[in-house]
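A look at the structure
The primary structure of each chain is shown beneath.
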Amino acid sequence: MTNDKTKTDLETIRHSAAHLMAQAVKQLYPETQVTIGPVIEDGFYYDFYRKSPFVPEDLEKIEKRMKEISLQSLDIIRKEMPREEALKMFDDMNEPFKREVINDIASNDPISVYTQGEFTDLCRGPHVENTKFLKSFKLLNTSASYWRGDERNKVLQRIYGTAWHTDKELRLYLKRLEEAKKRDHRKLGKELDLFSVTDEVGPGLILWHPKGSRIRCLMEDFWKEEHFKNGYEMVHSPHAAKVDMWKTSGHMDFYKDNIFSPMDIEGKEYVMKPMNCPFHIQIYKSRLRSYRDLPVRYAELGTVYRYERSGVLHGLLRVRGFTQDDAHLFCRPNQIEEEIIKVLDLILLILKSFGFNEYKVYLSTRPDKFVGSEENWEKATNALKQALEKSKLKYEIDPGEGVFYGPKIDIKIKDSLNRFWQVSTVQVDFNLPQRFDINYIEEDGQKYQPIMLHRALMGSLERFFGCLVEHYAGAFPLWLAPVQIILLPITDQNHEYSDEVFKKLTLSGFRVEKDLRNEKIGFKIRDAQIQKIPYMIVIGEKEQTNKILAVRKRRSKETITFTIDELTDKLSLEVSEKKLGESIQPI
RNA sequence: GCCCACAUAGCUCAGUGGUAGAGCACUUCCUUGGUAAGGAAGAGGUCAUCGGUUCAAUCCCGAUUGUGGGCUCCA
C-alpha cells in the first residue's frame, strides 16, 4: 500500500492505458491474443501473441485508435464472477493465455474483469472510470518477449508506452528521455574520446583511449591505496589457465556456458579466465597457513573474459572482457561478520568518493540447488544480515537468488535511464575451499577449512566507469577529470607566458593542456566547454603583465583572478578532498 | 541466442536503380582577435561484407557481421 496518492493515480492511469492499448490492438488486429499488461516505471507495456511482430507504422495506427476510443468516453466497468464463468468467457473469446492467468489466481481471491465498450480484460484493477480520462499517452517501442519470461515458451510481441496526467507531464517526460540520451556513456565516450569498441577487435571488448585510461588509472590508484590501508595484499594472476583447474573448481560444470572456447597448447587445453578465485586459492595453498595468518586478504584488478550472448552486450555496462576489482578473504568462522562489515565500509567509501549516493542493496538467500550444509548457510546468511544492519544499510531480500555456493549481498547503481546495474558484491563461498581442499592450522593443532569470501567494490571497472560517465554526464569532478585545466592564450604574444604557467601547474601535479591554435578566444572557450574541462585559464596581455591568471569555471561564466600559487593551493585542496563539485543529478 | 529497427567521409546526418552530398572536425592560407563558433581554399568515401536480380545496385532481394531498443541471462 502506498500513501502517495499521485503515484497511485499514475499507476491507475498507466494500467488503464495498457487496457486501452489492448482494446485498440484487438479492434485493429482481431486475430491477436492478449496476455498481460502491467505498469512499469514511467509507463506500461502489454504482451500480445500473434504471428507477425508489430512494426513502427502499427504503433502509429494503434495510438491513433487509442485516442479515438478515449474520445468515445466509454465507461470502464468492474465485474466479479465465479472462476468457472470467467474461464468459459475467456475460452469463448479465444484468449487461452487468460485461462493460464486465472488458474494462477489463489482460489479464495475474487476473479474480476473490466469492460470498456466491446473489450473485456481479466484484471485485478483498479482502473480509471472512463476512457475519457486517458489522454496523455504515447507508445514508445516494441520488442519480443517470452510468455512468463521463459525463452522456451512462446514468443510474444510487446509494446511499451507511457502515460501521464497531463500533456505537459508527458512532454516533460519525453524531454527527460532526450536529456538522458545526451548523457549516454556510449555517446559521451565518443565525444570525449574516452573509449571505443571496434568491429575488428570484436564485440564487448573495450579499447580504453588515453583520456578514459587516465580516469581508469585514477580509479585504480585510489583503489590500491585504500586496499593497502585496509590490510589487503595485492596479487596478480595470469589471463588463462589449464582446463583441469577449472574442472577442480567446478566452473567447467556450472559456468561452462560463459567460458570462452578452450585453446590447445601443446596438447593441453587452456581457457581464458572467467574468474580470479582459483588463482588466489593457489596462492593461499602455496604454503601451510596458521590461524595466526587469518584473515588473508588477496586483492587483484583481474581481467576476466566471459562469453555473453551477443544480444545482451551494452556499451561498457555489459561486455565480454572486463577487469574486476576482485578480492578473496580467507577467514576463521568467527571472523566473517567483522570482515563483511569492513568490506561494506570500503564499498560505501568507494561509492561515496565517486559521487554515487543512490544505490540499492540486496541480500540473496539460499536457492533450491546449493552446496554446503543448511546450518552453514543459515550462519552465513545471518552474518551478512548482521553486517548489513550494523552498517545501517537498508536492503531488500532476494529470496532464493543466492549463487549455489553461498549467500551474497549485491549493490546496484543506476545509469542515466534509471536502469540498475550491479557493481558491488560480497559472497560467502562454501564450495571452493572444499573443492581445492584448503585449510589452516587452528590453535588446537588440527586442520580446519577456512571460510572464503569473494568481494568486489566497483565490480567491473568498465561498468563502473560507464555509470560514472553517465552520473556526471562527462563533467567529471576535478580529481577525476582527464584534463583538469586548459590554458587559452588570446594571441600568440601570450604563448611564452602560457608555457611558463603550463610548466608550473604541471610540476604541481595538475593535468594541463594548452590551446595554442590560431583561433579566437570565444572559439577556444566553446571547445573547452564542450570537452567539459573543469577550469579554463584565459591568458592575455593583462594577465601576462601582472603575472596573474583569469580563471573561468566550467559551469559558471564568472571569471576569477588568482596568482599561480593561490590557484595551485585551491585546486590541490579540491583534488585531495575529492570534492564532487558540480555533479549533475541523474534523472 | 530470440524479435524488430538500423549500417553512407573521423563525427552527426541528407540522398538517388544510371559511378555521392551537407555541417562539424582535418590540412593550407588570410586574420592576432578578451570569455560558447572570424574568413577562404583544399583534402577526405569499394555507400559494413558476401552473394543474387538487372544492360546497370549505395539504393531492390538474401545471407553474414556489427550497432540500437527490448526479452532471456549477468559484474
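Remember, predicted model here, so these are calculated numbers, not experimental data. (Residues numbered from 1 in each chain as written. Chains lettered and ligands numbered in written order. Predicted model: local features only at pLDDT ≥ 70, side-chain atom pairs only at ≥ 80, totals over all residues. Heavy atoms only, no water.)

**Thoughts on the overall build of chain A**
Broken down by element type, chain A carries 18 helices and 28 strands. If one aligns the C-alpha atoms of chain A with their principal axes, the spans along those axes are about 85 × 75 × 50 Å. Going through the 587 residues of chain A one by one, you find that 50% of them count as buried. Sequence separation of at least 24 residues holds for 71% of the intrachain contacts in chain A that already meet a minimum separation of 6. Put simply, chain A shows about 29,200 Å² of open surface, and 50% of that area lies on carbon and sulfur atoms. Between the centroid of the 91 positive side chains of chain A and the centroid of its 91 negative side chains there is a distance of 2 Å. (Helix = DSSP H or I, 4+ residues; strand = E, 2+ residues; numbered from the N terminus. Buried < 20%, exposed > 50% of the residue type's maximum accessible area, 1.4 Å probe, protein only. Contact = heavy atoms within 4.5 Å. Areas by Shrake-Rupley, 256 points an atom, 1.4 Å probe, with all protein chains shown as cover. Lys, Arg positive; Asp, Glu negative; His and termini not counted. Charge placed at Lys NZ, Arg CZ, Asp CG, Glu CD.)

**Here's the deal with the protein's contact with RNA strand B**
The immediate surroundings of RNA strand B are formed by 54 residues, with Ser143, Arg318, Gln422, Asn518 and Arg526 found nearest. The sugar-phosphate share of atoms of RNA strand B within 4 Å of the protein amounts to 47%. Histidine 314 is positioned such that a nitrogen or oxygen atom in its side chain is 3.3 Å from a phosphate oxygen of RNA strand B. Secondary structure elements with two or more residues in the surface near RNA strand B: strand 7 (136-146), strand 8 (155-164), helix 6 (185-191), strand 20 (420-429), helix 16 (521-530), helix 17 (541-546) and strand 27 (549-553). Among the residues making up the surface near RNA strand B, the classes are represented as 16 nonpolar, 18 polar and 20 charged. (Near = heavy atom within 4 Å. Polar contact = N/O pair within 3.5 Å; in protein donor to acceptor, adjacent residues only side chain to side chain. Nonpolar A, V, L, I, M, F, W, Y, C, P; charged D, E, K, R; others polar.)

**With respect to helix 5 (residues 167-182)**
Counted at 1.5 Å a residue, the expected span for helix 5 with its 16 residues is 22 Å, and the 23 Å between its end C-alpha atoms agrees. Of the residues making up helix 5, those classed as buried are Leu170, Tyr173 and Ala180. Looking down the long axis of helix 5, one finds its buried residues gathered within 80 degrees of arc, a one-sided arrangement. Helix 5 presents Lys168, Arg171, Leu172 and Lys175 as exposed residues on the side facing more than 90 degrees away from its buried surface. For helix 5, the elements touching its buried residues are strand 7 and strand 8. (Expected span 1.5 Å × (residues − 1). Arc of directions from axis to C-beta.)

**So, empty space enclosed by the protein**
The full count for this structure, using the stated rule, is 1 cavity of 30 Å³ or more. Considering only enclosed or pocket space, the largest cavity measures out at about 30 Å³ in volume. Lining the largest cavity we find His251, Phe254, Met275, Cys277, Tyr405, Asp429, Asn431, Leu432 and His454. Across the lining of the largest cavity, the residue classes break down as 5 nonpolar, 3 polar and 1 charged. (1 Å grid on protein atoms, 1.4 Å probe; cavity = no way out; pocket = protein on both sides within 12 Å on 5 of 7 lines; lining within 4 Å. Points joined across faces, edges and corners; volume = space filled by probe spheres on them.)

**Concerning the pairing of strand 19 (residues 408-414)**
Most of strand 19 is tucked away, with 6 of its 7 residues classed as buried. As defined by bridge partners, strand 19 adjoins strand 20 across 7 bridges and the pair is classed as antiparallel. Within strand 20, the residue paired with lysine 412 across the bridge is glutamine 422. As consecutive antiparallel partners, strand 19 and strand 20 are separated by 5 residues, and within that stretch asparagine 418 has a phi angle of approximately 65 degrees, a positive value. (Pairing = 2+ DSSP bridges.)

**What to know about the domain arrangement of chain A**
Looking at the assigned domains, one finds that chain A contains domain 1 (5-175), domain 2 (188-237 + 276-470), domain 3 (240-272) and domain 4 (485-576). The straight-line distance from the C-alpha centre of domain 2 to that of domain 3 is 22 Å. Facing the 14 residues of domain 2 at the interface are 16 residues of domain 3. Buried surface at the junction of domain 2 and domain 3, both sides included, amounts to about 1,200 Å², of which 70% is carbon and sulfur. Considering only the side of domain 2, the residues that lose the most area to domain 3 are Tyr305, Tyr307 and Arg435, jointly responsible for 40% of the buried surface there. On inspection of domain 2 and its partner domain 3, the count reaches 0 salt bridges. Along the contact surface separating domain 2 from domain 3 lie 3 residue pairs in polar contact (both at pLDDT 80 or more). Breaking the side of domain 2 that touches domain 3 down by element, the ones donating at least two residues are helix 10 (277-285) and helix 13 (432-435). In terms of residue count, the dominant contributor to the side of domain 2 that touches domain 3 is helix 10 (4 residues). (Domains from an automatic or database assignment. Buried area = accessible area lost by both parts, 1.4 Å probe. Salt bridge = Lys/Arg side-chain N within 4 Å of Asp/Glu carboxyl O.)

**Overview of the sheet that holds strand 12 (residues 240-242)**
Pairing in this open sheet of 3 strands is antiparallel, and the strands run 12-14-13 from one edge to the other. Each end of this open sheet is capped by a strand with a single partner; those strands are strand 12 and strand 13 (263-265). Along the sheet, successive strands turn relative to each other by an average axial angle of 40 degrees, direction set aside. The pairing of strand 12 with strand 14 (residues 268-272) spans 3 bridges and is antiparallel. Bridge pairing in strand 14 links alanine 240 to methionine 272. (Axes fitted to C-alpha atoms, helices over the stretch in contact; angles between N-to-C directions.)

**Some thoughts on the packing of aromatic side chains**
Inspection of every chain in the model, using the stated rule, returns 23 aromatic pairs. Judged by centre distance (4.9 Å) and plane angle (20 degrees), the ring pair of tyrosine 46 and phenylalanine 48 falls under stacked. Phenylalanine 48 shares its class with tyrosine 46; the two are buried. Aromatic side chains phenylalanine 354 and tryptophan 479 sit 5.2 Å apart centroid to centroid with 45 degrees between the ring planes, which places their arrangement in the tilted category. Of the two residues, phenylalanine 354 sits in the loop between helix 11 (336-353) and strand 17 (360-364) while tryptophan 479 sits in the loop between helix 14 (461-472) and strand 24 (485-489), which places them 125 residues apart along the sequence. Look at tryptophan 479 and you get buried, because its relative accessible area is 5%. Grouping aromatic residues by their ring pairs yields a cluster made of Phe222, Phe354, Phe356, Phe464 and Trp479. Its end group placed over the ring of phenylalanine 279, lysine 273 keeps NZ or CZ at 5.1 Å from the ring centre. The ring of tyrosine 284 has arginine 289 sitting right over it, with the charged end atom 5.2 Å from the ring centre. (Phe/Tyr/Trp six-rings, centres within 6.5 Å; stacked < 30°, edge-to-face > 60°. Lys NZ or Arg CZ within 6 Å of the ring centre and 35° of its normal.)

**Considering the layout of surface pockets**
Each pocket or cavity is described by its volume, and for the largest pocket that value is around 940 Å³. What lines the largest pocket is a set of 34 residues, and nearest its centre among them are Tyr255, Arg306, Phe322, Gln324 and Gln422. Taken together, the elements giving at least two residues each to the lining of the largest pocket come down to strand 16 (321-331), strand 20 and strand 23 (451-460). Sort the elements by how many residues they give to the lining of the largest pocket and strand 23 lands first, with 6 residues. Of the residues contributing to the lining of the largest pocket, the split by class is 15 nonpolar, 10 polar and 9 charged. For the lining of the largest pocket, the two domains that each supply at least three residues are domain 2 (188-237 + 276-470) and domain 3 (240-272).

**A few points about the nonpolar core**
Formed by 64 residues in total, the largest nonpolar core has its most connected members in Met219, Ile340, Phe354, Phe464, Phe465, Leu468 and Phe476. The leading source of residues in this core is helix 11, at 8 residues. Apart from the residues lying within four places of it in its own chain, the contact partners of phenylalanine 476 are Leu194, Ile215, Phe465, Leu468, Val469, Ala481, Pro482, Pro534 and Arg554. (Core = buried A, V, L, I, M, F, W, Y, C linked by side-chain atoms within 4.5 Å.)

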